[in-house]
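Okay, here's what each chain looks like letter by letter:
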Amino acid sequence: MSTTALNDLSRFPIVQAPMAGGASCPELAGAVCEAGALGFLAGGYKTAGGLYQEVKQVRGLTARPFGVNLFVPQTGRPAAPAAVEVYRHQLAGEADWYRTPLGETDDSRDDAYDAKLAILLEDPVPVVSFTFGCPAPDALAAFARAGTYTMVTVTSAEEALAAERAGADAVCVQGVEAGGHQGTYRDDPDEDGAPGTGLLALVTQVRESTGLPVVAAGGIMRGAQIAAVLAAGAGAAQLGTAFLGCPESGAHPLHKRALTDPLFTRTALTRAFSGRPARGLVNRFMREHGPYAPAAYPEVHHLTAPLRKAAATAGDAQGMALWAGQGHRLARALPAGQLVGVLAAELDTALSELAHRSTS
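Described below are features of the structure shown in this document.

How each quantity is defined
- Residues numbered from 1 in each chain as written.
- Predicted model: local features only at pLDDT ≥ 70, side-chain atom pairs only at ≥ 80, totals over all residues.
- Heavy atoms only, no water.
- Helix = DSSP H or I, 4+ residues; strand = E, 2+ residues; numbered from the N terminus.
- Rg over C-alpha atoms; globule rule 2.2 N^0.38 Å.
- Buried < 20%, exposed > 50% of the residue type's maximum accessible area, 1.4 Å probe, protein only.
- Salt bridge = Lys/Arg side-chain N within 4 Å of Asp/Glu carboxyl O.
- Axes fitted to C-alpha atoms, helices over the stretch in contact; angles between N-to-C directions.
- Left-handed = near helix turned anticlockwise from the far one by under 90°.
- Contact = heavy atoms within 4.5 Å.
- Core = buried A, V, L, I, M, F, W, Y, C linked by side-chain atoms within 4.5 Å.
- Pairing = 2+ DSSP bridges.
- Phe/Tyr/Trp six-rings, centres within 6.5 Å; stacked < 30°, edge-to-face > 60°.

1. Looking at the overall build of the protein
When helices and strands are counted, the protein shows 14 helices and eleven strands. Computed over the C-alpha atoms, the radius of gyration of the protein is 19 Å, within 12% of the 21 Å expected from 2.2 N^0.38 for a compact globule of 360 residues. With the principal axes as the frame, the protein shows a C-alpha extent of 65 × 45 × 40 Å. A burial count over the protein gives 54% of its 360 residues as buried.

2. Focus: the pattern of salt bridges
A complete count under the given rule lists eight salt bridges for this structure. When the shortest N-O distance is used, the salt bridge between Asp187 and Arg271 registers 2.9 Å. Placement of Asp187 in the loop between strand 7 (180–181) and helix 8 (199–207) and of Arg271 in the loop between strand 10 (267–270) and strand 11 (278–281) is noted, with a sequence separation of 84 residues between them. For Arg271, a relative accessible area of 5% translates into the label buried. Residue Glu288 pairs with Arg284 through a salt bridge whose shortest N-O separation is 3.0 Å. Of this pair, Glu288 and Arg284 both sit in helix 12 (residues 284–289), separated by four residues, roughly a single helical turn.

3. Quick word on the packing of helix 1 (residues 26–34) against helix 2 (residues 48–61)
Two numbers describe a pair of packed helices, the interaxial angle and the distance between the axes. Where helix 1 contacts helix 2, the axes come no closer than 9 Å and their chain directions differ by 35 degrees. Here helix 1 and helix 2 pass one another in a crossing that is right-handed. Each of Pro26, Glu27, Ala29, Gly30 and Glu34 in helix 1 lies in contact with helix 2, whose residues at this interface are Glu54, Gln57, Val58 and Leu61.

4. Regarding the nonpolar core
Judged by nonpolar contacts, the single largest core of 96 residues is most densely connected at Val68, Leu70, Phe130, Val171, Val173, Leu239 and Phe243. Ranked by residue count, the leading element in this core is helix 14 (residues 336–359), at seven residues. The residues touching Leu70, leaving out its near neighbours within four places in the chain, are Leu51, Tyr113, Lys116, Leu117, Leu120, Val128, Ser129, Phe130 and Thr131.

5. Some remarks on the sheet that holds strand 8 (residues 214–217)
Strand order in the open sheet formed by eight strands is 1-9-8-6-5-4-3-2, and the pairing between neighbours is parallel. The sheet is open, and its two borders are formed by strand 1 (14–16) and strand 2 (39–42), each paired with just one other strand. Here the strands of the sheet are splayed against their neighbours by 25 degrees on average, with no regard to which way each runs. By the bridge criterion, four bridges tie strand 4 (residues 127–131) to strand 5 (residues 149–154) in an arrangement that is parallel. Counted as the bridge partner of Ser129 is Met151 from strand 5. Along the sheet, helix 2 contacts strand 2 and strand 3 (66–71); its crossing angle with strand 3, the most-contacted strand, is approximately 165 degrees. Helix 5 (residues 113–122) contacts strand 3 and strand 4 of the sheet and is inclined by roughly 160 degrees relative to strand 3.

6. Observations regarding the pairing of strand 4
Of all five residues in strand 4, five are buried; the element is thus mostly enclosed. By the alternation rule, side chains of strand 4 split into Val127, Ser129 and Thr131 and Val128 and Phe130, which are all buried. Taken together, the five bridges between strand 3 and strand 4 define a ladder with parallel strand orientation. Its bridge partner being in strand 4, Val68 is matched across the sheet by Val128.

7. Side note on the sheet that holds strand 10
The strand order across the open sheet formed by three strands is 7-11-10, and the pairing between neighbours is antiparallel. Each having just a single partner strand, strand 7 and strand 10 make up the two edges of the open sheet. As judged from the two bridges shared by strand 7 and strand 11, these two strands associate in the antiparallel manner. In the sheet register, Gly180 faces strand 11, and the bridge partner there is Arg279.

8. What to know about the packing of aromatic side chains
Following the criterion strictly, the structure yields six aromatic pairs and no others. When the ring of Tyr45 is compared with that of Phe71, the centres are 5.2 Å apart and the planes differ by 80 degrees; the resulting orientation is edge-to-face. With a gap of 26 residues between them, Tyr45 in the loop between strand 2 and helix 2 and Phe71 in strand 3 connect regions that are remote in the sequence. Seen in terms of ring centroids, Phe132 and Tyr297 are 5.4 Å apart; in terms of plane orientation they differ by 65 degrees. Their pairing is edge-to-face. Of this pair, Phe132 sits in the loop between strand 4 and helix 6 (137–146) while Tyr297 is found in the loop between helix 12 and helix 13 (299–314), placing the two residues 165 residues apart along the sequence. Judged on exposure class, the residue Phe132 and its partner Tyr297 are both buried. Here the aromatic cluster, defined as three or more aromatic residues joined through ring pairs, consists of Tyr45, Phe71, Phe132 and Tyr297.

Quick look at the structure:
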């Protein structure tokens, strides 16, 4: 196990979520770290060389601890080609509308995982987290020897126990409120439509099942909510949507504006864009294609990539994947450093009020 403690990684118990697809860029991670929170790079969907260059950029922006998130390769059987082809035909009208071919679905399923592991072990970073599964015990042991703190995203107490047995230093407990992809180990289409577990209940379940430190994630947008998850037993809170609207975020301007646009009134879980359940703002593409999207990740992700890019180029938010948590209407378009300061001040106020109530 790493000798680093969770709360030694940053001044404040605030973690900026690793949001794949460009949002969690070096500029955002560096600004968050400099303000006293823990910034993260998203390693998903990048080449190993691209990740290496971004790690170098963050090191040029801050000397403080930061993290890198990796996608664990999908170990289940590939999706039935017939189901993917049916969805390809379903999307033919979108391809015509945006005047772009659909993507190829035979791309690698492992997201260059082994190459990224090698880079992060050869030139270690302070923190590495994992999503979509639990890494092998030997990989976690190698990071421990390198002095890297490891964290595994979990969506149930059972997954947390698996992470503990494998040798993780901490778990990131993701409630159903969270934006973007659900980090569950097992993508079971039979469970589509079933209600997920809310963050506060899930934190308690994990805390009572394992001895690992907990980082709580899902719908957190204010300092008082951070205080709530700390009171529930978490050691820190991870926020993604809260940082999406920051000027340093690499999210598309349309995505940033959509967070508080009255046109987008709710979020939902969908397979429409990637083939795996992910929470985003409900738009035309999600409504029209979500009911028919197969459980086929990352095939659907590759299939729709040109459509999403063309929609963004055309300025059409109705065709983009607008990932967002349930608290999106509370987003504040503040510089990342200022947002960390505001959250920390709100947290301090909330903790002081709780202490006053307990003594009065």
